[in-house]
Amino acid sequence: MRVQTGDHVGIGGFIIAGTVSKHVLVRAIGPSLTQSGVPGALANPVLELHGPSGFVTVTNDNWRDDPVQEAAIVATGIPPANDLESAIDAILNPGAYTAIVSGRSNTSGVALVEVYDLSQAAPAKLANLSTRAFVSTGDNIVIGGFLLGGHNGAGRIVVRGLGPSLTAAGVPGALVDPTLELRDGDGALLAANNDWQDDALQASALTFAGLAPPNNLESGLVADLPPGLYTALLQGRNNGTGVGLVELYDREAPP
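**Q** Mind showing me how you'd approach the overall build of the protein chain here?
**A** On a plain count of helices and strands, the protein chain comes out with two helices and 17 strands. Relative to the globule expectation of 18 Å for 255 residues, the C-alpha radius of gyration of the protein chain, 18 Å, shows essentially globular dimensions. In terms of overall dimensions, the protein chain has a C-alpha envelope of 55 × 40 × 40 Å along the principal axes. Each of the 255 residues in the protein chain was classed as buried or not, and the buried ones make up 47%. Expressed as a percentage of contacts within the protein chain between residues at least 6 apart in sequence, the contacts between residues at least 24 apart total 77%. As displayed, the protein chain has an accessible area near 11600 Å², and 52% of this comes from carbon and sulfur atoms. Mean positive and mean negative side-chain charge positions of the protein chain (12 and 24 charges, respectively) differ by 2 Å.

Here it is as structure tokens:
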């Protein structure tokens, strides 16, 4: 996502569903994206983790700043590749959380916000992942990636691309007409949608799940997916730009 300033910082959300706490690692990646060929990477990301009522906000600039956190992050086996990147190791109760990514000293650039489930056997799961950011064009659309695991068979996944309904939530400059693509780990297109009611079967499945997008111009997909790596690409129809939200819902019950 393209991290800007003010209302256009990057926001990653996730919901922990279940009956017990979950061990997670949240990362904000910027400089190391350059090695993957991503132009204009954010030079120095800053990460804030917000949670439900009573949760004390956690902030991290460089992941090695706190020796205790540094040791815990190294122990996960997936520390950030660059010392200027951010990470937070935490054990979180069920609830809704928000990871805000900004650039130190109000800088801008392309960044990646990630959440890793480090206790997959626990009777709790990451039931929802979302990314809100400014949707531009070309390399600066919003890309939501997810690694689906822990299923014996296919998992029922809902992906939504929201824009117009964000205005009612007080978000300025919302994307007027989002479009959505779902691709597999090889980049092959699995499904695409412009307006969520375009396909009657998909619209029925979204409504049945209670996840029909609030606005007819918004996008939604329902898919039964085997374990693997997937990406959801959110962009504006006819190269429109604005603030958009891409969401993933895992409809399977916690383990």
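Now that the structure is up, let's keep going.
**Q** Whenever I open this one, the nonpolar core confuses me. Can you help?
**A** Generally speaking, nonpolar side chains in soluble globular proteins are found buried as a group. Counting residues in each nonpolar core, the largest one holds 38 residues, and the members touching the most others are Phe14, Leu92, Val101, Phe146, Val159, Leu182 and Leu225. Among the elements that line this core, the one with the most residues is strand E10 (residues 124–135), at four residues. Excluding its chain neighbours within four sequence positions, the residues that come into contact with Leu182 are Phe146, Val159, Ala188, Leu189, Leu190, Ala191, Leu221, Ala223, Leu225, Tyr230 and Thr231. The next biggest cluster of nonpolar side chains, apart from the first, holds eight residues, and it includes Trp196, Ala209, Leu211 and Tyr249.

**Q** How should the sheet that holds strand E14 (residues 189–193) be read in this particular structure?
**A** Through backbone hydrogen bonds, the strands of a sheet pair up, either in parallel or in antiparallel fashion. A sheet is described by the order of its strands in space; here four strands give the open sequence E11-E16-E13-E14, paired in antiparallel fashion. Each edge of the sheet is formed by a strand with only one pairing partner; in this case those strands are strand E11 (142–148) and E14. Each neighbouring strand pair of the sheet contributes to a mean axis angle of 15 degrees, computed without reference to strand direction. Note: strand E13 (residues 178–184) against strand E16 (residues 228–236), seven bridges, orientation antiparallel. Looking at E16, one finds that Arg183 is bridged to Thr231.

**Q** I'm lost on the environment of Ala72 in this one. Help?
**A** Tracing the chain through its elements places Ala72 in helix H1 (residues 67–75). Ala72 gets classed as partly exposed once you look at its relative accessible area, which sits at 24%. A C-alpha to C-alpha distance of 42 Å links Ala72 and Gly240, two positions 168 residues apart in sequence.

**Q** What's the story with the packing of aromatic side chains in this structure? I'm lost.
**A** For any two aromatic rings, the description comes down to two numbers: the centre-to-centre distance and the angle of the planes. One pass over the structure, following the stated rule, counts three aromatic pairs. Between Phe55 and Tyr97, the aromatic rings sit 5.5 Å apart at their centres with planes inclined by 85 degrees, giving edge-to-face as the arrangement. One end of the pair, Phe55, is in the loop between strand E4 (45–50) and strand E5 (58–60); the other, Tyr97, is in strand E7 (residues 95–103), with 42 residues separating them in the sequence. Measuring from ring centre to ring centre gives 5.4 Å for Phe146 and Tyr230, while their planes differ by 25 degrees; the resulting arrangement is stacked. Separated by 84 residues along the polypeptide, Phe146 in strand E11 and Tyr230 in strand E16 bring together distant segments of the chain. Grouping residues by exposure puts Phe146 and Tyr230 together as buried. Feature note: the residues Phe14, Phe55 and Tyr97 constitute an aromatic cluster, connected by ring pairs.

**Q** Help me understand the pairing of E16 in this model?
**A** Consecutive side chains of a regular strand alternate in pointing toward one face of the sheet and then the other. With seven bridges connecting them, E11 and E16 associate as antiparallel partners. Following the sheet pairing, Leu148 is matched in E16 by Gly228.

**Q** How should unusual backbone geometry be read in this particular structure?
**A** Trans is the prevailing form of peptide bonds, just as negative phi is the prevailing case for residues other than glycine. If you check the backbone angles, Asn106 has positive phi at about 60 degrees while not being a glycine. Relative to the helices and strands, Asn106 resides in the loop between E7 and strand E8 (109–110). Given the relative accessible area of 64%, Asn106 is considered exposed. Positive phi outside glycine occurs at Asn238, with the angle close to 55 degrees. The residue Asn238 is located in the loop between E16 and strand E17 (242–250) in this model. Overall, the relative accessible area of 73% leaves Asn238 in the exposed class.

**Q** Even after reading the chapter, I still don't get the sheet that holds strand E3 (residues 22–29), so can you show me in this structure?
**A** In space, the three strands of this open sheet follow the order E6-E3-E9, with antiparallel pairing throughout. Two strands in the sheet have a free side with no partner beyond their single neighbour: strand E6 (86–92) and strand E9 (112–117). Taking each pair of neighbouring strands and ignoring which way they run, the sheet shows an average axis angle of 15 degrees. In the sheet, E3 pairs with E9 via six bridges, with the strands oriented antiparallel. Bridged to Leu25 within E9 is Tyr116. Sheet strands touched by H1: E3 and E6. Its angle to E6, the strand with the most contacts, is close to 85 degrees.

What counts, and where the lines are drawn
- Residue numbering note: each chain is counted from 1, following its sequence as written.
- Under the rules for a predicted model, residues below a pLDDT of 70 receive no local features and side-chain atom pairs below 80 are neither given nor counted, while totals for whole chains, interfaces and linings still include all residues.
- Derived side-chain values reflect all non-hydrogen atoms in the structure, with water molecules and hydrogen atoms excluded from consideration.
- Helical segments are the DSSP runs of H or I of at least four residues, strand segments are the runs of E of at least two, and each set is numbered from the N terminus.
- Computation of the radius of gyration draws on C-alpha atoms, with the globule rule given as 2.2 Å multiplied by the number of residues to the power 0.38.
- With a 1.4 Å probe rolled over the protein chains alone, any residue whose accessible area is under 20% of its type maximum counts as buried; one over 50% counts as exposed, and the rest are partly exposed.
- Here, residues are in contact when the closest pair of their heavy atoms is within 4.5 Å.
- The method behind every accessible area is Shrake-Rupley, applied with a 1.4 Å probe, and residues are considered shielded solely by the protein chains displayed.
- Counting rule for charge: Lys and Arg are taken as positive, Asp and Glu as negative, and neither His nor the chain ends is counted.
- By convention, the charge on Lys lies at NZ, on Arg at CZ, on Asp at CG and on Glu at CD.
- Working definition of a nonpolar core: buried Ala, Val, Leu, Ile, Met, Phe, Trp, Tyr and Cys residues. They are joined through side-chain atoms within 4.5 Å.
- Any two strands between which DSSP finds at least two bridges are classified as paired.
- To obtain each axis, a line is fitted to C-alpha atoms, and for helices this fit is confined to the stretch in contact; angles are then taken between N-to-C directions over 0 to 180 degrees.
- Any Phe, Tyr or Trp ring, taking Trp's six-membered ring, that has another such ring centre within 6.5 Å forms a pair; planes under 30 degrees apart are called stacked, those over 60 apart edge-to-face, and the others tilted.

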